[in-house]
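Descriptive structure summary
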Amino acid sequence: MKSSSEPHRTCEVTIVGGGIVGLATTYQLLSQRPGTEVVLVEKEPRVAAHQTGHNSGVIHSGLYYKPGSRKAETCVRGSKEMFAFCRAHDIPHERCGKVVVATDPAEIERLDELERRGRANGVQLTRIGPDGLRDVEPHATGLEALHVPDAAIVDYRVVAERLRDLVVEGGGEIRFGARVRSMREAPHGVILETEDGTTIQSATAVTCCGLQSDRVARQTTPDLRTKIVPFRGEYYEVVPERAELVHGMIYPVPDPRFPFLGVHFTRRIGGGVEAGPNAVLALRREGYGRFSFSPRDALDSLGYSGFWRLARRYLKTGLAEIYRSFHKPAFTRALQKLVPEVRSEDLRRGGAGVRAQALDRNGSLIDDFALVETDRIVHVVNAPSPAATASLAIGEEIAGLMRKRMSRHVGSAARDGKRQESA
Ligand SMILES: Cc1cc2nc3c(=O)[nH]c(=O)nc-3n(C[C@H](O)[C@H](O)[C@H](O)COP(=O)(O)OP(=O)(O)OC[C@H]3O[C@@H](n4cnc5c(N)ncnc54)[C@H](O)[C@@H]3O)c2cc1C
């Protein structure tokens, strides 16, 4: 990994954030415009330290997302690119397929809507009844289901590490331990100061900061209207002796009011089966334990009017999620709706991830991926699931936006920076 102690650095593009979106953007930029002088800065000592390294590892096929939305378009395109990328770089992945199962008559209409969305998005799927379900997942029960054979699994940490290596091979520089603590857009370029004592003057910049994305974006866009609210997702592992209960992935029909998929079973590419994740409001953005707490993060959520509007609307659901987080039998009951044979003793606590979910002042969870653009900067302000699946497509789109900015601005920042250095 290149690293440099230069206190003042100039470049054409700075990318902030070494999760999968920042890495895919840098990779696509270097593919579209080889030789671009790009510096990626990451506050942690490694890539994929947050959402990218703490997720379910599913390559989604595009079933859930509103046709025409950015999520639908980039998930469908991005999953194809992700398969091609994994094949090209020998990254283990497996099309194990998934079923989405309606277990209650009230869910049939929602399953119809998912089927309609899936077909509109071009997802290959089959509607199946209890017998068809038994053929695919012998231990699952339900009234009706959708079978999506193309849904797959991968380890996104491995994908991120490969992207990291390709970025460096392509001439990009990656600086770890370099938290961006200030950022401003000046007439001659974007000025970033990092915690390792470097000032970077860049013609253009992209920020992909996941759980910190609103804070970083607000430095140059003070009127940003959204706030990141963190939702922790906790997993259980199915003990190896009972892993045969699940062949691929088994999902419930999601509640359309929320952008989360409901607790489900997922086979992991490294072996074993996980159950989860739930979605519990977290009091620390990058805290993975049930008792993780940050006064700053908690106050940030609690001091935001949108949070209280959301809380008033969904108080019961929120409390039920907290109860289920602490009460294993409640978690088990949710899973037994899908696989009745699973017992509490078949499950042991696993890891957790924290989702960065943007919320607006009206208390609405922003459903689609969202970018905020200025003259020189693109801020990614909402990239929840399926952004890992869609990362190569999102990166492609942002790389295109940056090329336009570079055609306007490149030359000026580098020249001005060199003048300052020699002054
Ligand atoms: C529990 C869970 C399950 C999920 N399951 C799936 C799934 O199965 N499939 C799927 O497609 N998606 C899934 N997702 C969503 C997916 O993981 C995310 O959408 C994706 O990883 C977002 O990538 P990112 O690069 O935007 O964010 P991150 O991976 O969070 O990366 C952001 C990076 O920015 C860095 N950063 C922040 N602030 C600064 C700063 N000031 N200076 C420098 N660096 C900074 C952080 O350290 C971090 O490394 C899941 C997410 C969670 C939490």
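Residues numbered from 1 in each chain as written. Predicted model: local features only at pLDDT ≥ 70, side-chain atom pairs only at ≥ 80, totals over all residues. Heavy atoms only, no water.

So, unusual backbone geometry
Each neighbour pair has its own omega, and for Gly276 with Pro277 the value is -10°, a cis peptide bond. Residues Ser385 and Pro386 are joined by a peptide bond in cis, for which omega reads 10°. Within the secondary structure, Pro386 is located in the loop between strand 20 (377-382) and helix 10 (387-409). Unusually for a residue other than glycine, Ala48 sits at a positive phi of about 60°. Turning to its location among the elements, Ala48 is positioned in the loop between strand 2 (38-41) and strand 3 (58-59). Exposure remark for Ala48: the relative accessible area of 0% places this residue in the buried category. (Helix = DSSP H or I, 4+ residues; strand = E, 2+ residues; numbered from the N terminus. Buried < 20%, exposed > 50% of the residue type's maximum accessible area, 1.4 Å probe, protein only.)

Let's talk about a nonpolar patch on the surface
The grouping of Phe291, Leu315, Leu319, Ile322 and Phe326 at the surface amounts to a nonpolar patch, some 550 Å² of accessible area in total. Following the sequence through the fold, Ile322 ends up in helix 8 (residues 305-326). (Patch = residues over 30% accessible without salt bridge, like charges linked within 9 Å, V, L, I, M, F, W, Y side chains within 5 Å. Areas by Shrake-Rupley, 256 points an atom, 1.4 Å probe, with all protein chains shown as cover. Salt bridge = Lys/Arg side-chain N within 4 Å of Asp/Glu carboxyl O.)

Describing the domain arrangement of the chain
Note: interface size is frequently given as the accessible area lost on complex formation between the parts. Domain parsing of the chain yields domain 1 (8-51 + 157-225 + 369-422) and domain 2 (227-360). Distance between the C-alpha centres of domain 1 and domain 2: 30 Å. Residue-level contacts link 16 residues of domain 1 with 17 residues of domain 2. Between domain 1 and domain 2, a total of about 1,300 Å² is buried, with carbon and sulfur atoms accounting for 40% of that surface. Sorting the residues of domain 1 by area buried against domain 2 places Leu211, Asp214 and Arg215 first, and these three jointly supply 46% of that buried surface. At the junction of domain 1 with domain 2, the criterion picks out four salt bridges. The partner of Asp214 in a salt bridge is Arg285, with the nearest N and O atoms 2.7 Å apart. Summed over the shared surface of domain 1 and domain 2, the result is 12 residue pairs in polar contact (both at pLDDT 80 or more). Put simply, the parts of the chain that give the side of domain 1 that touches domain 2 at least two residues each are helix 6 (213-218) and strand 20. Of the residues contributing to the side of domain 1 that touches domain 2, the split by class is four nonpolar, six polar and six charged. (Domains from an automatic or database assignment. Contact = heavy atoms within 4.5 Å. Buried area = accessible area lost by both parts, 1.4 Å probe. Polar contact = N/O pair within 3.5 Å; in protein donor to acceptor, adjacent residues only side chain to side chain. Nonpolar A, V, L, I, M, F, W, Y, C, P; charged D, E, K, R; others polar.)

Things to note about helix 2 (residues 70-88)
Taking 1.5 Å per residue as the helical rise, helix 2 with its 19 residues ought to reach 27 Å, and the 26 Å between its terminal C-alpha atoms agrees with that figure. For helix 2, the complete set of buried residues consists of Lys71, Ala72, Thr74, Cys75, Val76, Gly78, Ser79, Glu81, Met82, Phe83, Phe85 and Cys86. Buried residues along helix 2 sit against helix 1 (20-32), strand 3, strand 4 (93-94), strand 8 (152-154), helix 5 (156-169) and helix 10. Just downstream of helix 2 lies Asp90, where phi reads positive at about 55°. (Expected span 1.5 Å × (residues − 1).)

Things to note about the site of the ligand
Around the ligand there are 38 residues in total, and Glu42, Thr52, Asn55, Ala383 and Thr389 lie nearest to it. One of the side-chain nitrogen or oxygen atoms of Thr52 is found 2.5 Å away from an oxygen atom of the ligand. The backbone of Pro386 places a nitrogen or oxygen atom 3.5 Å from an oxygen atom of the ligand. The protein chains hide 98% of the 1,000 Å² of surface that the ligand would expose on its own. Secondary structure elements with two or more residues in the shell around the ligand: helix 1, strand 18 (347-360) and helix 10. The class makeup of the residues in the shell around the ligand is 18 nonpolar, 15 polar and five charged. Two domains each provide a minimum of three residues to the shell around the ligand, namely domain 1 (8-51 + 157-225 + 369-422) and domain 2 (227-360). (Near = heavy atom within 4 Å.)

Quick word on the layout of surface pockets
Space inside the second largest pocket adds up to approximately 1,200 Å³. If you trace the second largest pocket, you find 44 residues lining it, with Asp255, Phe258, Thr317, Glu321 and Arg324 closest to the centre. Among the secondary structure elements, those contributing two or more residues to the lining of the second largest pocket are strand 17 (280-281), helix 8 and helix 9 (328-336). With 15 residues, helix 8 is the largest single contributor of residues to the lining of the second largest pocket. Classifying every residue of the lining of the second largest pocket gives 28 nonpolar, five polar and 11 charged. (1 Å grid on protein atoms, 1.4 Å probe; cavity = no way out; pocket = protein on both sides within 12 Å on 5 of 7 lines; lining within 4 Å. Points joined across faces, edges and corners; volume = space filled by probe spheres on them.)

Thoughts on the packing of aromatic side chains
Each aromatic ring pair is characterised by the separation of its centres together with the angle its planes make. The tally for this structure, following the rule as stated, stands at eight aromatic pairs. Ring plane angle 65° and centroid distance 4.7 Å describe the contact between Phe258 and Tyr314, whose orientation is recorded as edge-to-face. With a gap of 56 residues between them, Phe258 in the loop between strand 14 (249-252) and strand 15 (264-267) and Tyr314 in helix 8 connect regions that are remote in the sequence. Here Phe307 and Trp308 contribute two aromatic rings whose centre-to-centre distance is 5.2 Å and whose plane-to-plane angle is 80°, an arrangement assigned as edge-to-face. (Phe/Tyr/Trp six-rings, centres within 6.5 Å; stacked < 30°, edge-to-face > 60°.)

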